[in-house]
Amino acid sequence: ARAPAPRAPPVHPHNSAANPGAQVLAGARVPPLPPHFDALLDSMEAAAVFPPSQRPDTCTVNAYAAGDWIPPHVDSPAFDVPFVVLSLRSAQRVVFGEGLGCDHGVCDGGAALTLPRGSLLRIDAPAAGPACQHAVPPATERRISLIFRRLSDLARSRAHEIRADADAAACARATRRRERKAARR
């Protein structure tokens, strides 16, 4: 029997060739982190994984089936460094390097690091980019990773502007609907 072709994970942290359908919705409301994530971040802060000034305020959940992978990339500049990866369910590898060459998740060069189940990895400059990329080779079995990041001040400011614009547009639409409804009476 022929092995199925590796595929990118269904949940992907950024738009790429591996995930062409990813979309960013301007003005979308994002709820705060759930309380159990805050408790987890409290534990990380107490263990000096990051100081209070670098406490993450976002989390991306990547769920991998066997064969799922993420191509070489540098995380969005919308996030500050460091960021923290919590690996769950199984031990899997991540590869770091400049100009990584990967074909369907199989990477040439770079430095591979196995992240044990339950491990925490803090990724800071220079490993966080921009010259250094990271990739996740095909998972050997099911894996979940929680990526904790802090939105940069610039991105946070821009997000507030987008939200304010979206709220203003929604109010304007509601006003126009009320006016049209009143005109029909």
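Above this text is the structure in question.
Residues numbered from 1 in each chain as written. Predicted model: local features only at pLDDT ≥ 70, side-chain atom pairs only at ≥ 80, totals over all residues. Heavy atoms only, no water.

Things to note about the overall build of the chain
Note the threshold: Helix numbers and strand numbers start at the N terminus; a helix is a DSSP run of H or I with at least 4 residues, a strand a run of E with at least 2. Three exposure classes are used, based on accessible area relative to the maximum for each residue type with a 1.4 Å probe and protein chains only: buried under 20%, partly exposed in between, and exposed over 50%. Each accessible area value is a Shrake-Rupley result obtained with a 1.4 Å probe; residue values ignore everything except the protein chains displayed when judging cover.
Counting its secondary structure elements, the chain contains 2 helices and 10 strands. When the helices and strands of the chain are read in sequence order from the N terminus, they spell out α-β-β-β-β-β-β-β-β-β-β-α. Taking all 185 residues of the chain together, 33% fall into the buried category. Summed over its atoms, the accessible surface of the chain is roughly 11,100 Å², and 58% of this surface lies on carbon and sulfur atoms.

Looking at the sheet that holds strand β3 (residues 79–88)
Formally: Two strands pair if DSSP finds at least two bridges between them. Fitted lines through C-alpha atoms give the axes, limited to the stretch in contact for helices. The angle between two N-to-C directions lies from 0 to 180 degrees.
Judged by pairing direction, the sheet is antiparallel, and its 4 strands sit side by side in the order β1-β10-β3-β8 without closing on themselves. The open sheet is flanked by β1 (58–64) and β8 (120–123), the only strands paired with a single partner. If you compare each strand with its neighbour and ignore which way they point, the axes differ by 20° on average. When β3 meets strand β10 (residues 143–151), the two strands line up antiparallel, connected through 7 bridges.

Observations regarding the packing of aromatic side chains
To keep things clear, this is the line we draw: Each aromatic pair joins two rings of Phe, Tyr and Trp (for Trp, the six-membered one) with centres within 6.5 Å, and gets the label stacked for planes under 30 degrees apart, edge-to-face for over 60, and tilted for any other angle. The criterion is that NZ of a Lys, or CZ of an Arg, lies within 6 Å of the ring centre and within 35 degrees of the ring normal, and then a charge sits over that ring.
Summed over all chains, the structure comprises 1 aromatic pair. With centroids separated by 5.7 Å and ring planes inclined at 70°, the aromatic side chains of F37 and F148 adopt a geometry described as edge-to-face. Residue F37 is located in helix α1 (residues 35–46), and its partner F148 is located in strand β10; the two are separated by 111 residues in the primary sequence. You can call F37 buried: its relative accessible area is 15%. Over the aromatic face of F79 sits the side chain of R149, whose NZ or CZ is 5.0 Å from the ring centroid.

Remarks on α1
Convention followed: A helix's residues, less one, multiplied by 1.5 Å, set its expected span. Each direction from the helix axis to a C-beta atom contributes to the arc, which is the arc of those directions. We call two residues in contact when some of their heavy atoms are within 4.5 Å.
Taking 1.5 Å of rise per residue, the 12 residues of α1 would be expected to cover 16 Å, and the 16 Å separating its terminal C-alpha atoms lies within 8% of that figure. Turning to α1, its buried residues number three or more, namely F37, L41 and M44. Down the axis, α1 shows its buried residues gathered within 55° of arc, on one side only. Residues of α1 that are exposed and angled more than 90 degrees away from the buried face: P35, H36 and A46. Residues of α1 that are buried sit in contact with β1, β3, β8 and β10. One or two residues past the end of α1 sits A48, with phi positive at roughly 65°.

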